[in-house]
Amino acid sequence: MTAEQIAAQAIATHGAIEAARLYRETEAAYYSEAQWCDSASDERRKEQLAEGYGRIAAIIEQITGKA
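Only a predicted model underlies this, so the values are computations on that prediction, with no experimental measurement involved. (Residues numbered from 1 in each chain as written. Predicted model: local features only at pLDDT ≥ 70, side-chain atom pairs only at ≥ 80, totals over all residues. Heavy atoms only, no water.)

Colleague: Looking at this structure, I do not really get the overall build of the protein. What am I missing?
Modeller: Across its full length, the protein carries 3 helices and 0 strands. Tracing the protein from N to C terminus, the helices and strands come up as α-α-α. Judged by the C-alpha coordinates and their principal axes, the protein covers about 35 × 20 × 20 Å. For the protein, the residues scored as buried account for 24% of the 67 residues in total. Taking the intrachain contacts of the protein between residues at least 6 apart in sequence as the baseline, contacts between residues at least 24 apart amount to 58%. Accessible area for the protein stands at about 4,400 Å²; split by element, carbon and sulfur atoms hold 52% of it. (Helix = DSSP H or I, 4+ residues; strand = E, 2+ residues; numbered from the N terminus. Buried < 20%, exposed > 50% of the residue type's maximum accessible area, 1.4 Å probe, protein only. Contact = heavy atoms within 4.5 Å. Areas by Shrake-Rupley, 256 points an atom, 1.4 Å probe, with all protein chains shown as cover.)

Given below as structure tokens:
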């Protein structure tokens with residue numbers, strides 16, 4: 001699935017405001033977890049996950065006009 005498809009599915013499932021909130025909270029959680037990783041590869045993996053969730057949240061916000 002593309003990020004746009006995931007965003008559309010999240011909006012359909014949770015509604016726009018809740019979907020954006022969930023993805024922003026998950027993004028923040030992964031960035032927080034990345035700070036506590038023991039290895040650089042684990043840290044980068046968590047950061048990549050956070051970036052993905054942030055991208056989806058941004059798409060949701062763009063679709064719904066909530067920036």
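Colleague: Explain the pattern of salt bridges here, please?
Modeller: Any two side chains of opposite charge can pair, on the condition that their charged atoms come close. Counted under the stated rule, the structure contains 8 salt bridges. Of the charged contacts in the structure, one is a salt bridge between Arg24 and Glu61, with a shortest N-O distance of 2.9 Å. Linking Arg24 in helix H2 (residues 16-34) with Glu61 in helix H3 (residues 40-64), this pair joins segments that are 37 residues apart in sequence. In this structure, Glu33 and Lys46 form a salt bridge, with 2.6 Å as the shortest nitrogen-oxygen distance. Residue Glu33 is found in helix H2, and its partner Lys46 is found in helix H3; the two are separated by 13 residues along the sequence. (Salt bridge = Lys/Arg side-chain N within 4 Å of Asp/Glu carboxyl O.)

Colleague: Please explain the packing of aromatic side chains as it appears in this structure.
Modeller: Ring pairs (aromatic) are described by centroid distance and by the angle formed between their planes. Applying the stated criterion to the full structure yields 2 aromatic pairs. With centroids separated by 5.4 Å and ring planes inclined at 35 degrees, the aromatic side chains of Tyr23 and Tyr53 adopt a geometry described as tilted. Of this pair, Tyr23 sits in helix H2 while Tyr53 sits in helix H3; the two residues are 30 residues apart in sequence, bridging distant segments of the chain. What makes Tyr53 partly exposed here is its relative accessible area of 27%. A ring pair is formed by Tyr30 and Tyr53, whose centres lie 5.7 Å apart and whose planes are at 20 degrees; its orientation type is stacked. Placement of Tyr30 in helix H2 and of Tyr53 in helix H3 is noted, with a sequence separation of 23 residues between them. Through a chain of ring-to-ring contacts, three or more aromatic side chains come together here, namely Tyr23, Tyr30 and Tyr53. (Phe/Tyr/Trp six-rings, centres within 6.5 Å; stacked < 30°, edge-to-face > 60°.)

Colleague: Would you mind showing me how to read the nonpolar core here?
Modeller: Nonpolar side chains tend toward joint burial in soluble globular proteins. With 10 residues, the main nonpolar core is built from Ala3, Ala7, Ala10, Ala19, Ala20, Tyr23, Ile56, Ala57, Ile59 and Ile60. Only helix H1 (3-14), H2 and H3 provide two or more residues apiece to this core. A total of 4 residues in this core trace back to one element, the largest contributor, which is H3. Aside from chain neighbours lying at most four places away, what touches Ile56 is Ala3, Ile6, Ala7 and Tyr23. (Core = buried A, V, L, I, M, F, W, Y, C linked by side-chain atoms within 4.5 Å.)

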